[in-house]
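Take a look at the letters that make up each chain.
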Amino acid sequence: MRDFHIPVVGIDSQSEAEEVRYLPLPGEMTTFAMPVVNLVADPEILEAVCTVLENLRSAMLTKRDAKIDLTRLTPDVVELINQSLGQGEVSVIVRNPSNLHIQETVFAGIWRIQKMSTQSVVSSDMLHACAIPAEVQKSALSGTTVVSVPPMRQGIMNAPAVLNELLERSKKYQEGNAAHIINLSLLPMSPEDLAYLYDAFGTGTVSILSRGYGNCRITSTRLANVWWVQYFNSTDQIILNTLEVVDVPEVALAADEDFLESVVRLGEWLSVMREQ
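Residues numbered from 1 in each chain as written. Predicted model: local features only at pLDDT ≥ 70, side-chain atom pairs only at ≥ 80, totals over all residues. Heavy atoms only, no water.

Going by what an unreviewed UniProt entry lists, the chain is known as HupH hydrogenase expression protein C-terminal domain-containing protein and is assigned to Ferrovum myxofaciens. Turning to the chain, the UniProt annotation filed under Sequence similarities (unreviewed entry) states: "Belongs to the HupH/HyaF family." (UniProt positions renumbered as here; feature names shortened; annotations may be inferred.)

Listed below in structure tokens is the structure:
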């Protein structure tokens, strides 16, 4: 059976600027590394950044859903925030109802959310500490439609049964339910089977790239709460192809223990910054 790669971005109407830009695949698990301190930062700018991060950390100590608006900060302060938080393992593009670029920082569970205008100008900028921003699930659901069963073609074997199972699971799914996973890599699936499924529900409005262990590409579909989840090896060949019925696949989420660890690490990082 040939590899079947579901495009991370839909096959029509998406500009090249909106596509997820894949980075070179890591050879092993990505581990935490402190950002590099800017030793020449203006003291007032550095203090402003420390205040923002301290406010965020204080909120994280009491709740798992903390937000800090960066929109009105000066460009110098925002730039130093960028340097101070770095880029983590998970990148997200949300295409509907707003064009959002979401990037996890090196502190797991702390996300940067930027709303982009049609001219690719940042119109809002937010730090959000949570498992994953709620906009991801909301957008995925907003991009769903009534699925039509494609016509049968020569070479199709198991795809109709898989589609029926997904339709039933999607219909019964309630928010917070455990994920129901269909591992297509373990099923006898012809290229025609995979094309049949893609014709049925294709890709939706959310694209996620997780670089924790190797490379995992996650794409919402036009079927409510159904996601393509695909793992690739170091040569960009697909090694695991699954469909998950869930709010958002677990591989994209910051775990509770990661969130708590980020609170500790952010405190350590603030101590380093304040010593400059």
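Participant: Give a detailed account of helix H2 (residues 75–85), specifying residues and quantitative values.
Facilitator: Among the residues of H2, those classed as buried are Val-77, Val-78, Leu-80, Ile-81, Ser-84 and Leu-85. Across the axial projection of H2, the buried residues extend over an arc of 165°, all falling on one side. Tucked into the core, H2 has its buried residues touching helix H1 (43–60), strand E4 (110–116), strand E5 (122–129) and helix H6 (256–274). Immediately downstream of H2, the backbone of Gly-86 shows phi near 65°, a positive value. (Buried < 20%, exposed > 50% of the residue type's maximum accessible area, 1.4 Å probe, protein only. Helix = DSSP H or I, 4+ residues; strand = E, 2+ residues; numbered from the N terminus. Arc of directions from axis to C-beta. Contact = heavy atoms within 4.5 Å.)

Participant: An account of the environment of Met-60 is requested, with residue identities and associated values reported.
Facilitator: The residue Met-60 is located in helix H1 in this model. Between the C-alpha atom of Met-60 and that of Leu-260, which follows or precedes it by 200 residues, the distance is 8.4 Å. Non-local contacts of Met-60, meaning those with residues more than four positions away in its chain, are made with Ala-66, Ile-110, Ala-129, Phe-259, Ser-262, Val-263 and Leu-266.

Participant: Please set out the packing of aromatic side chains residue by residue, giving values where relevant.
Facilitator: The final tally for this structure, using the stated rule, is 1 aromatic pair. With a centroid separation of 5.6 Å and 40° between ring planes, the pair formed by Phe-201 and Trp-228 is classed as tilted. Of this pair, Phe-201 sits in helix H5 (residues 191–201) while Trp-228 sits in strand E9 (residues 226–232), and the two are 27 residues apart along the sequence. Using a relative accessible area of 0% as the deciding quantity, one classes Trp-228 as buried. Sitting over the ring of Phe-232, Arg-217 keeps its end group 4.1 Å from the ring centre. (Phe/Tyr/Trp six-rings, centres within 6.5 Å; stacked < 30°, edge-to-face > 60°. Lys NZ or Arg CZ within 6 Å of the ring centre and 35° of its normal.)

Participant: Go over unusual backbone geometry with me, naming the residues and quoting the values.
Facilitator: Of note, the amide linkage connecting Asn-96 to Pro-97 takes the cis form, showing an omega dihedral of 0°. Note that Pro-97 resides in the loop between strand E2 (90–94) and strand E3 (100–104). Positive phi, close to 60°, is recorded for Ser-120, a residue that is not glycine. Turning to its location among the elements, Ser-120 is positioned in the loop between E4 and E5. Positioned with a positive phi, Asn-225 is a non-glycine residue whose angle comes to about 65°. Residue placement: Asn-225 occurs in the loop between strand E8 (215–220) and E9.

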